[in-house]
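For reference, the chains in residue letters:
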There are 4 protein chains.
Amino acid sequence: MKKKTSQQASTKTTPHGKLWGGRFREHTNRLVETFTSSLEIDQRLYSQDVQGSIAHAQTLNRAGVLTKREAATIIEGLNRVRRELDADRFIFLPHDEDIHMAIERRLTELIGPVGGKLHTGRSRNDQVTTDLRLYLREALASLTGEITQFQRTLITQARRHIDVIMPGYTHLQRAQPVLLAHHLLAYVEMMERDKNRLRNALTRINVMSLGSGALAGTNYAVDRAYTARLLGFSSLSENSLDAVSDRDYVIETLSALAIVIMHLSRLSEELVLWSSQEFQFVELPDSFCTGSSMMPQKKNPDVPELIRGKTGRVYGHLLGVLTLMKGLPLSYNRDLQEDKEALFDALDTVSTSVKLCAELIGGLAVNRPALAHAAESGYLLATELADYLVTRSLPFREAHEVTGRIVRDCIDQRRDLRTLSLSDLRVYSSLFEKDVLDVLTLEGAIERKAQVGGTARSRVASRLKVLEKALG
Amino acid sequence: MKKKTSQQASTKTTPHGKLWGGRFREHTNRLVETFTSSLEIDQRLYSQDVQGSIAHAQTLNRAGVLTKREAATIIEGLNRVRRELDADRFIFLPHDEDIHMAIERRLTELIGPVGGKLHTGRSRNDQVTTDLRLYLREALASLTGEITQFQRTLITQARRHIDVIMPGYTHLQRAQPVLLAHHLLAYVEMMERDKNRLRNALTRINVMSLGSGALAGTNYAVDRAYTARLLGFSSLSENSLDAVSDRDYVIETLSALAIVIMHLSRLSEELVLWSSQEFQFVELPDSFCTGSSMMPQKKNPDVPELIRGKTGRVYGHLLGVLTLMKGLPLSYNRDLQEDKEALFDALDTVSTSVKLCAELIGGLAVNRPALAHAAESGYLLATELADYLVTRSLPFREAHEVTGRIVRDCIDQRRDLRTLSLSDLRVYSSLFEKDVLDVLTLEGAIERKAQVGGTARSRVASRLKVLEKALG
Amino acid sequence: MKKKTSQQASTKTTPHGKLWGGRFREHTNRLVETFTSSLEIDQRLYSQDVQGSIAHAQTLNRAGVLTKREAATIIEGLNRVRRELDADRFIFLPHDEDIHMAIERRLTELIGPVGGKLHTGRSRNDQVTTDLRLYLREALASLTGEITQFQRTLITQARRHIDVIMPGYTHLQRAQPVLLAHHLLAYVEMMERDKNRLRNALTRINVMSLGSGALAGTNYAVDRAYTARLLGFSSLSENSLDAVSDRDYVIETLSALAIVIMHLSRLSEELVLWSSQEFQFVELPDSFCTGSSMMPQKKNPDVPELIRGKTGRVYGHLLGVLTLMKGLPLSYNRDLQEDKEALFDALDTVSTSVKLCAELIGGLAVNRPALAHAAESGYLLATELADYLVTRSLPFREAHEVTGRIVRDCIDQRRDLRTLSLSDLRVYSSLFEKDVLDVLTLEGAIERKAQVGGTARSRVASRLKVLEKALG
Amino acid sequence: MKKKTSQQASTKTTPHGKLWGGRFREHTNRLVETFTSSLEIDQRLYSQDVQGSIAHAQTLNRAGVLTKREAATIIEGLNRVRRELDADRFIFLPHDEDIHMAIERRLTELIGPVGGKLHTGRSRNDQVTTDLRLYLREALASLTGEITQFQRTLITQARRHIDVIMPGYTHLQRAQPVLLAHHLLAYVEMMERDKNRLRNALTRINVMSLGSGALAGTNYAVDRAYTARLLGFSSLSENSLDAVSDRDYVIETLSALAIVIMHLSRLSEELVLWSSQEFQFVELPDSFCTGSSMMPQKKNPDVPELIRGKTGRVYGHLLGVLTLMKGLPLSYNRDLQEDKEALFDALDTVSTSVKLCAELIGGLAVNRPALAHAAESGYLLATELADYLVTRSLPFREAHEVTGRIVRDCIDQRRDLRTLSLSDLRVYSSLFEKDVLDVLTLEGAIERKAQVGGTARSRVASRLKVLEKALG
């Protein structure tokens, strides 16, 4: 939706076109008007604002503040306003400070002075936080769905490559062989936690603050529980001062989003590494890369790079809102207006990044020979050798020491562990027997790790099945 | 606990005194040793490390890797090590890189080579995150208790001052009268959310990562569910790669702590304001203030100022850990070592700040005359006037406009609203009747706000009762 | 400038409308195209891009790569493109990834294949950082001018109120009397440091990176010093790898901006405090405040509140760019694209905030009686009493102790220091003589502080003169 | 220096052992005493505190406030205190709030009541910022020296490997050949900017704030310029309110440090990449790596990983201090105490990291064959081919397109560019002549980039010479 503005004067409900102008003598300074306007940002809330206003009108009717006819007129008018906004036919006026004032102003144009009854027993302070909570509820549901979709893609790729062995890394050094499927499922687990965090946040988001007035509550006998039912809120705020100045839920959402994109930054880093000429583990689809303006051969992993870069943006928004809340006395302060742009941009950024990661993973071409080659080298079986000695009753710490010496000598002689004969090995320890050679296989190393969470194929397959069922 | 170190040589379990030295030819550089050592920070985990190691030994015994006797010897040895550490008799050696290595080294000194069997099927990667999760579980339980204690103090003061009216503020401008008790309970609600966030975090903290090995799982047929039962973990990590590189729970805890101290920074700001000569709403106890080295009359609200200042510290730790996790490839990377100092300092800072806030609030002397005086002035009843007109069927928006003009004229004439006669009021609107004068009382304004969350005394009293019951 | 886009196909310079498409088989994914496009952000650089391109064409001509005629055609074409952009007649196409590609594409449409010669020996990597440096050079010059204008307003108000005494605060407690002019000039000093920081940053901004190519330099014998002269750069980058991946100047600018707005947040806090009913030191002009949608009497200091809130936004941008740079290998990575939105928004935010502060301070109505009243109370003269005793040879530390006791007793008896008679004082110390009473005046306290930086009127007046001359 | 504390009572200079206790009735709460104490942190400033106090005593003497004898006694006493601290013989008492109070307390113990004259005309507010500025002046000089030492190491390695060609990267994709020396010198340039930033910061650090008193200046006719000369400050603060509340220089230093460690994080990332099995460009010395507790073959690049991780720590400190300064009213507030721990830790972290980077680079074993092999592959010469066509008058944009197609076909056929014959090439463009084959060499590609900042050997050598001379 694009904002349309017009210089034509508003119908004169109040001096200066402001709905709060009674006490004021001077017009608002132009630069101030631009500076304090939040319309460009908060017009995104128009649908929630109409929804909340309709519920408020119904509640006022139930409380006897509005007659049935007045309520019906207001609701009908609000629906007209919403249709104008849906169809991008709504004309914003220069004096519209925010979407809430714009909608009320337009409502009164459409239905006359009775429109001025809508704001009875309500303040922008409780109205705006109600709108934002409604919006977040929807946005998080949608994001959760996108994350699930991304998980499904990871699972599909894991299933497709269930037999592919690759080096597992610590410190970016090859460490032990793992299944590519196991590696991909690690991200499924991270995303599962992310969804749980968002769900937990929802219990604190889905609280109705309407009825808190400006700060002290409302003078009208409104039934807040009724409004909450109309709007699908699961509980009521219990303190009006807190309700209008609480932005915990914004910060908590931003924190959860920061962790999501941190996870994506790790995946992005891996995609950048894996598509380098040095790794060559995967190829990204052409349609997800761009070229160089100067170097004709380049195919750059722009999308993962940009996701990695956008991590800073989301972190910055989190810290921005934390900073703005620091040290504010109760209750509402205008500083709070700054919460929305940060939140919306973080939501958009994370949502797009999740969708792109799903597409990236879905389009990944896995270079099986390169992965196999990498898993073969690098002494990835050294731990197997140490554990072999442990089964021969050597304390692990000594087995580790012995194996360390074997590896060191192999490096010096540029030999692979698997080229060692039994007699070679027995130089280091007489505990080595013939069966040690069976231990030195990638497949064996994988299969032995069959405990919950291990990389054994059976274990990974069983986790895959659980996840497929849960996310299917 | 203070770290004791000694230059005396370790018993020579391995070259260079390192438990991983087999592969290495050179000694570790001295500056490197200091730089990479985490002992000063992670010795705080010693008790959890022993606890986890005991459970690991029991699990190895059950899996047939350790004999019953070996397990018993190791467990007895670990308990001796713990007692040394408890009694501050443990001597750290220069080569002890971290608490885990120090404990294993000492264990082997005490019980001989069998100590070298403890690390079978385990890596520091899964060990350290297990220790940290155990530690956090305790730390959050303790913090939650401190928060509850703080809430109780707020509730006690609210109960004690249930009849005290004060100005409620928005934009730091006097807005509407509220009960001081209502204001204090706003912080109880914030703290209630804080505890819920910490409880939610706990579901992701209380997961057992032991058994993930270095990254790929373990070669031994250990029963991870058994270990989890021994350690009181409620679930198992399901992916070894994820388990050793996951620090979500650290970030999530830091985020929750950042919100706690943000709340305290708001309370601190209010205490600073309220104890200023301009407000004079409260007096802080002498024992919580300090004087000036130069100005003999000063009594400074140092404690709330410092808490406010320490907000930056906690935010900084959150950012620090988010930054360090950004873009790390799987699985474990040494960068992760940096998580603990940030976490511990944030926990300490928030815990102390909560305790101090409890004491500050508990010791607060409330200046009732000053609050009453402030509530009397400032046109706090203007909204009541507007709402009166609404009951006379004027649309709220017009009632707001009329009242705004009345206030403006009162300001010009330096009159209080309550000095206006009925005929004065009727100049602005013929809807005013005699009963309007009943509307213009602080008590009435308070009492009309009786909806859930409102500041009416009955409503505040009923919330107080609910909270007292819940937190008693 | 608004972006206009059109679905009409570009002239087919290359497949898919991309200028780097030769190596690619697939079209770019639509979501990717939106995600990677920076056009909405970087079109702000169009004028600098044309400027840089003209200098590049001249340099290529001088190097013999372009003929005089070719260069002239290109320059003429670039000027036509600029005029289209100036007049908002430029039509952006869906395939325009960024402003650089859009301009080159349009140039080639206008002048034919010779347009394809402009990018010889240049990459977007060196081009974009050159544009950004040109832009920043102008933006900082303009910001510095705005800061100076703000300083002038502060100076004017200081001059106007040179005789107004107010309480100086530490810990938000009244401490010693100061001149309001002295207080206002404190902000002039802060702004002076801010300008110096920006000037220092400029020495690292005003460096020409053009000629660094994609990362390794250029194959053409271009005279980079000539280009630098054409563009007014004061030095050349000395390492091509560094030049294309350096964003220090962005971070440094953001840091300097963060400090500027931190200063403004302090001023804003003071304006919020001073315009509260408790302080009443100043009144903000109606045109800089807004009202409440619910409470008719409210006049809220929205502008300082929002500036204070926007502090978080600027901090967030700084941290965002720091985060994105962390751990990036050399040389250019696509992550860097994320630098511009943060930078532009921070520049806009700080520039507007500075201008608004100038207007706020310029429009401030100072409440002299309130300031005088506040300065009279609060034992602000206690230090004078202690210093009096020092002149009677009592060590300061003992004088401080004696005066502390006097103050304590006065507080208990609700007496002001100036009501004490000589005999009252001599109860505490026999060193008090008749002349002590002369010491206990606000004017005297002010006048004694006549050292450089002190609040004595003569000293403040002399600093005012220096500043007026420097900034006039 | 370790802090020694004792429970033995202080000599009773004042009640409660506090130097500001006169006004107070209650003892300070124990938890408060611990919470507000900064001694553990600020004892690091002891030497600067003594230095500043000596200069203050001299200034008081010159102003006639202290007699010559008194000044001499005080200075002698201060020197004794310093010797106690130097020798770690100083006993801190429980009531010592900070190093300033501890030193004054001890001074008075040593020389009697005349010690109480030292604090005449001074406050901790101006004292502490003076000490911190003195400390920073030294710390930055020392850090600058360490950076220079690191640069020298980079230069030495560059000189040693002046003939080594490696692939230059953009987007972590091989892009064009560069000299390893050119790559190393990129970091020298970064460090050069870092030093310039620190030097610029110094102009704002090296300002004397002593004489500002608590906030308003001092009542004594002290000659501040004289004190500044004694302490080597190059200018005087010009506004006392600003001077005691200014922490710009802390933030500016932290920003500069954040950029330094950001640079080191990039180098660290490269060292981690380069020492991976996939790159194998370098080997780190054993003495800078550690092993795995579980996997015997591991040699982990812990030091660069930890430096990369510590980036978060320094960013966090910057954010922490920015946060604490946000919205503080003038002048001094206790929040400011929180600046020092962040600053000291950032200084220590960056200093150690710089030193370790110097050692890491110095000890780097470069794998020339691996670098050569990597430079041979990857179509790094594609740009040369395009530029060849440009010299045959094809517009660059078309040359880029033609070359892109050649590369694409080579990839499909798994051929290297250098295996193409002239007739192969002429399929794509008749502009290719026999001399094109001369273009396709790594050396040629390097040598053509001879402009300022380019990677040509001559150019790199000449830059090396300049840097060696400047930094030698």
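Residues numbered from 1 in each chain as written. Chains lettered and ligands numbered in written order. Predicted model: local features only at pLDDT ≥ 70, side-chain atom pairs only at ≥ 80, totals over all residues. Heavy atoms only, no water.

Participant: A description of the packing of aromatic side chains should follow, citing residues and the corresponding values.
Facilitator: Residues and elements named next belong to chain C. Counted according to the given criterion, the structure contains 24 aromatic pairs over all chains. Between Tyr169 and Phe279 the ring centres are 6.1 Å apart and the planes differ by 50°, which places this aromatic pair in the tilted class. Highlighted residues: Tyr169 in strand β1 (residues 165-170) and Phe279 in the loop between α10 (248-274) and β5 (282-283), separated in sequence by 110 residues. By relative accessible area, which is 5% here, Tyr169 ends up buried. (Phe/Tyr/Trp six-rings, centres within 6.5 Å; stacked < 30°, edge-to-face > 60°. Helix = DSSP H or I, 4+ residues; strand = E, 2+ residues; numbered from the N terminus. Buried < 20%, exposed > 50% of the residue type's maximum accessible area, 1.4 Å probe, protein only.)

Participant: Please provide a residue-by-residue account of helix α19 (residues 457-471) of chain D, values included.
Facilitator: Since the α-helix advances by 3.6 residues per turn, residues separated by three or four positions end up pointing in the same direction. All names here are of chain D. Spanning 15 residues, α19 covers 20 Å between terminal C-alpha atoms, matching the ideal 21 Å at 1.5 Å per step. When α19 is considered as a whole, its buried residues turn out to be Val460, Arg463, Leu464, Leu467 and Leu471. Buried residues of α19, viewed axially, fall in a sector of 110°; they line one side. Across from the buried face of α19, at angles greater than 90 degrees, the exposed residues are Lys465 and Lys469. If you follow the buried residues of α19, they end up packed against α6 (124-160), β2 (173-179) and α7 (180-205). (Expected span 1.5 Å × (residues − 1). Arc of directions from axis to C-beta. Contact = heavy atoms within 4.5 Å.)

Participant: I'd like a description of the relation of the copies chain C and chain D, backed by residues and values.
Facilitator: With an RMSD of 0.0 Å, chain C superimposes on chain D once it is rotated by 180° and translated 0.0 Å along the axis. On the angle and the small slide along the axis, the relation comes out as a two-fold axis. Most of the interface of chain C is mirrored in chain D, where 100% of its interface residues are also at the interface. (Least-squares fit on C-alpha atoms with pLDDT ≥ 70 in both.)

Participant: Would you mind going over the relation of the copies chain B and chain D in detail, with residue names and values included?
Facilitator: Mapping chain B onto chain D calls for a rotation angle of 180° and an axial translation of 0.0 Å; the resulting RMSD is 0.0 Å. Most of the interface of chain B is mirrored in chain D: 100% of its interface residues are interface residues there too.

Participant: Which residues make up the pairing of strand β2 (residues 173-179) of chain A, and what values do they have?
Facilitator: Residues and elements named next belong to chain A. The element β2 is largely enclosed, with a buried count of 7 among its 7 residues. Sheet topology places strand β1 (residues 165-170) next to β2; 6 bridges connect them, and they run antiparallel. When the bridges of β2 are listed, Thr170 appears paired with Gln173. Connecting β1 to the antiparallel partner β2 that follows it, the hairpin turn spans 2 residues, and His171 within it adopts a positive phi of roughly 55°. (Pairing = 2+ DSSP bridges.)

Participant: Quick one: what's the story with the pattern of salt bridges, residue by residue and with numbers?
Facilitator: The full count for this structure, using the stated rule, is 176 salt bridges over all chains. Across the salt bridge formed by Asp163 of chain A and Arg368 of chain A, the nearest N and O atoms sit 3.2 Å from each other. On the criterion of sequence distance, the pair formed by Asp163 of chain A in the loop between α6 (124-160) and β1 and Arg368 of chain A in helix α13 (residues 368-376) is long-range, its members being 205 residues apart. Asp163 of chain A gets classed as partly exposed once you look at its relative accessible area, which sits at 38%. It is possible to trace a salt-bridge network through shared partners that takes in Arg133, Arg204, Asp242, Asp246, Asp248 and Glu252 of chain A together with Arg193, Asp194 and Arg197 of chain B. (Salt bridge = Lys/Arg side-chain N within 4 Å of Asp/Glu carboxyl O.)

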